[in-house]
Amino acid sequence: MKNLVLSSFIVAGAAIGSGVLALPLVADAPGVLNSLIFITITFGLAMTIALISVKVYSTYKTPDINAATIAKEYFGTTGYTITTILNLLSMGSLAAAYVNVGGDLISHTILPVFGINVSPSFGMMLFFLIFMPAFVIGINAISRLNGLIFATKFICLISAIIIGSKFINLNELNFMPENIKYIGTGASTFFCIWMMHMTIPLVLKINNWDIKKTKQALFIGLLIPAVAYTSWLLLIFSLVPRSELLGIQTVAALIHTALNNPTIPHIVGRLIEIFASITVLTAFFSIGFSLVAFVMDAFRLKDGYKGRFIATILSFCIPVAIAASLPQAFVMIYKQSNMFQIGASLIPVAAAFKLKSSNRVLISFILIAALAIILMQILDNLSILPVLK
């Protein structure tokens, strides 16, 4: 039971990243109910991908298994190369998105409290410089602190939702069929709020390769964010009128508008602010350590202070430059990372297609559905999808 609970929280922690902060910004055009309906569909899609992946991963029963291993075995060097590129692009663009929103929050919500005003671009550089030492110190020294931060994040979110529940306006759940056409612009974000597929080998290991318990852990682990996402959307839309949300482009502006609502208790505003800031930090640490480890391996750097410092600079020079040059573009940058995250999660699914015991009709449907979401994001990038003006 202990392992089941532990692994469930690992899944939930991986899923609840900075994507939750982007949810209200991509749900404003289609509306809350339309967004929640599509989010429910993507929950089923993400869960099915996870269950198929479990079947593939469980055939190995080794703690070193990952998507790259599967890609190389099933698709050779080409598959391994594609998987590596997908993961590198995913981690790099996520790092840029987290630096972007982290600097945005520092410059617009944290420093102004002390009477300090800086530009968003400077805030992003400051965000990176403040937390860069964590990667040089190493994950072993930071892991316990990160666990404490994770716990604080969940407590703040749950507390804000419970205390602010009386402000939730269920009238926001009006069905707006004419706005369904705007779903495509947020489709990749709606799917990637469930992105925890990289943790599946770890969840299997914790549960001693018990497939039944692993599936239970995955389901329970996704139910926690499901409640959080629904409540978060309803709370934010209740605090910030949809007419105002349509004109907001950054997370900092969203949080600032919510905090300025005179009807909510001060404690709710502070909890929302702390949750947003901590969510960015935990997501930044999680993806940052993965990216630094990848660069150290790729460049054969020794695991020491010097090696980690060089790897950190190499890992973040491009993401920080992108973040600073696009200070208002957190959602846009985050959306690009979504495409690569989805692609990486499909590697075990593609491998499952080659297994004779697999349901190829179901797997084909899942692959087509997930690729369709990637296509929608590409069309959104090309400004082909309808946008609410």
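Residues numbered from 1 in each chain as written. Predicted model: local features only at pLDDT ≥ 70, side-chain atom pairs only at ≥ 80, totals over all residues. Heavy atoms only, no water.

Novice: Hey, could you run me through the overall build of the protein chain in this one?
Specialist: A tally of helices and strands in the protein chain yields 16 helices and zero strands. Here the C-alpha atoms of the protein chain give a radius of gyration of 20 Å, agreeing with the 21 Å that 2.2 N^0.38 yields for 389 residues. Seen through its C-alpha atoms, the protein chain measures out along the principal axes to roughly 60 × 55 × 45 Å. Expressed as a percentage of its 389 residues, the buried residues of the protein chain come to 54%. (Helix = DSSP H or I, 4+ residues; strand = E, 2+ residues; numbered from the N terminus. Rg over C-alpha atoms; globule rule 2.2 N^0.38 Å. Buried < 20%, exposed > 50% of the residue type's maximum accessible area, 1.4 Å probe, protein only.)

Novice: So what exactly am I meant to see when it comes to the nonpolar core here?
Specialist: As a rule of thumb, nonpolar side chains are buried together in soluble globular proteins. Residues Phe191, Trp194, Phe284 and Ile342 are the most contacted members of the largest nonpolar core, which totals 128 residues. When residues of this core are assigned to their parent elements, the largest contribution, 17 residues, is made by helix H12 (residues 266-298). Apart from the residues lying within four places of it in its own chain, the contact partners of Phe191 are Thr42, Leu45, Ala46, Ile49, Ile342 and Ile373. (Core = buried A, V, L, I, M, F, W, Y, C linked by side-chain atoms within 4.5 Å. Contact = heavy atoms within 4.5 Å.)

Novice: Explanation requested: the environment of Leu239 in the structure shown.
Specialist: Here Leu239 lies in helix H9 (residues 211-239). Remark: the alpha-carbon pair of Leu239 and Thr69, spanning 170 residues in sequence, is separated by 46 Å. Not counting residues up to four positions away in its chain, the partners in contact with Leu239 are Phe167, Asn261, Ile264 and Ile272.

Novice: Before we go on, may I ask you to explain unusual backbone geometry in this structure?
Specialist: As a rule of thumb, non-glycine residues mostly have phi less than zero, and peptide bonds are mostly trans rather than cis. A positive phi angle, close to 60°, is found at Trp209, a residue other than glycine. Turning to its location among the elements, Trp209 is positioned in the loop between helix H8 (200-206) and H9.

Novice: Help me understand the environment of Phe284, please; the structure alone is not making it clear to me.
Specialist: Summarising the element assignment, Phe284 is placed in helix H12. With relative accessibility at 0%, the residue Phe284 sits in the buried group. In this structure the C-alpha to C-alpha distance between Phe284 and Ser90, which are 194 residues apart in sequence, comes to 13 Å. Not counting residues up to four positions away in its chain, the partners in contact with Phe284 are Tyr98, Val99, Phe127, Phe128, Phe131, Phe135 and Phe316.

Novice: Can you walk me through the side chain of Thr109 in this structure?
Specialist: Here Thr109 lies in helix H4 (residues 67-110). A polar side-chain atom of Thr109 sits 2.6 Å from the main-chain carbonyl oxygen of Leu105. Leave out the neighbours within four places in its chain, and Thr109 touches Asp104, Ala252 and Glu273. (Polar contact = N/O pair within 3.5 Å; in protein donor to acceptor, adjacent residues only side chain to side chain.)

Novice: Mind showing me how you'd approach the packing of aromatic side chains here?
Specialist: Aromatic rings in a pair are described by how distant their centres are and how their planes are angled relative to each other. Evaluation of the coordinates by the stated rule reveals 18 aromatic pairs. Relative to Phe285, the ring of Phe135 has its centre 6.0 Å away and its plane inclined at 80°; by these criteria the two rings are edge-to-face. Of the two residues, Phe135 sits in helix H5 (residues 120-137) while Phe285 sits in helix H12, which places them 150 residues apart along the sequence. A relative accessible area of 1% places Phe135 in the buried class. Take Phe285: its relative accessible area is 4%, and that puts it in the buried class. Three or more aromatic residues joined by ring pairs form one cluster here, namely Phe127, Phe128, Phe131, Phe135, Phe284, Phe285, Phe289 and Phe316. When the ring centre of Phe154 is taken as reference, the NZ or CZ atom of Lys153 above it lies at 5.7 Å. The cationic tip of Arg360 hangs over the ring face of Phe353; the distance from NZ or CZ to the ring centre is 5.0 Å. (Phe/Tyr/Trp six-rings, centres within 6.5 Å; stacked < 30°, edge-to-face > 60°. Lys NZ or Arg CZ within 6 Å of the ring centre and 35° of its normal.)

Novice: In this structure, what is going on with the pattern of salt bridges? I would like to understand it.
Specialist: Any two side chains of opposite charge can pair, so long as their charged atoms come close to each other. Tallying each qualifying case throughout the model produces three salt bridges. The closest approach of N and O atoms between Glu273 and Arg270, which form a salt bridge, is 2.7 Å. Separated by three residues within a single helix, Glu273 and Arg270 lie in helix H12, roughly one turn from each other. Since its relative accessible area comes to 12%, Glu273 is described here as buried. (Salt bridge = Lys/Arg side-chain N within 4 Å of Asp/Glu carboxyl O.)

Novice: Explain the packing of helix H14 (residues 330-345) against helix H16 (residues 360-381) to me, please; I cannot follow it from the model alone.
Specialist: A packed helix pair is summarised by two numbers, namely the angle formed by the two axes and the spacing between the axes. H16 packs onto H14 with a crossing angle of 160° between their chain directions and a minimal axis gap of 10 Å. Classified by the interaxial angle, the pair formed by H14 and H16 is roughly antiparallel. Where H14 crosses over H16, the two elements pack in a sense that is left-handed. Residue-level contacts link Lys335, Gln336, Met339, Ile342 and Gly343 of H14 to Ala370, Ile373, Ile374, Gln377, Ile378, Asp380 and Asn381 of H16. Tallied by class, the residues present in the contact of H14 with H16 amount to six nonpolar, four polar and two charged. (Axes fitted to C-alpha atoms, helices over the stretch in contact; angles between N-to-C directions. Parallel < 35°, antiparallel > 145°, perpendicular 65-115°, else oblique. Left-handed = near helix turned anticlockwise from the far one by under 90°. Nonpolar A, V, L, I, M, F, W, Y, C, P; charged D, E, K, R; others polar.)

Novice: Sorry if this is basic, but what is going on with helix H2 (residues 19-27) here?
Specialist: Because an α-helix packs 3.6 residues into every turn, residues spaced three or four apart end up facing the same way. Of all nine residues in H2, nine are buried; the element is thus mostly enclosed. When H2 is considered as a whole, its buried residues turn out to be Gly19, Val20, Leu21, Ala22, Leu23, Pro24, Leu25, Val26 and Ala27.

Novice: So what exactly am I meant to see when it comes to a nonpolar patch on the surface here?
Specialist: The grouping of Phe299, Phe309, Ile310, Ile313 and Leu314 at the surface amounts to a nonpolar patch, some 440 Å² of accessible area in total. Assignment of secondary structure puts Leu314 in helix H13 (residues 305-325). (Patch = residues over 30% accessible without salt bridge, like charges linked within 9 Å, V, L, I, M, F, W, Y side chains within 5 Å. Areas by Shrake-Rupley, 256 points an atom, 1.4 Å probe, with all protein chains shown as cover.)

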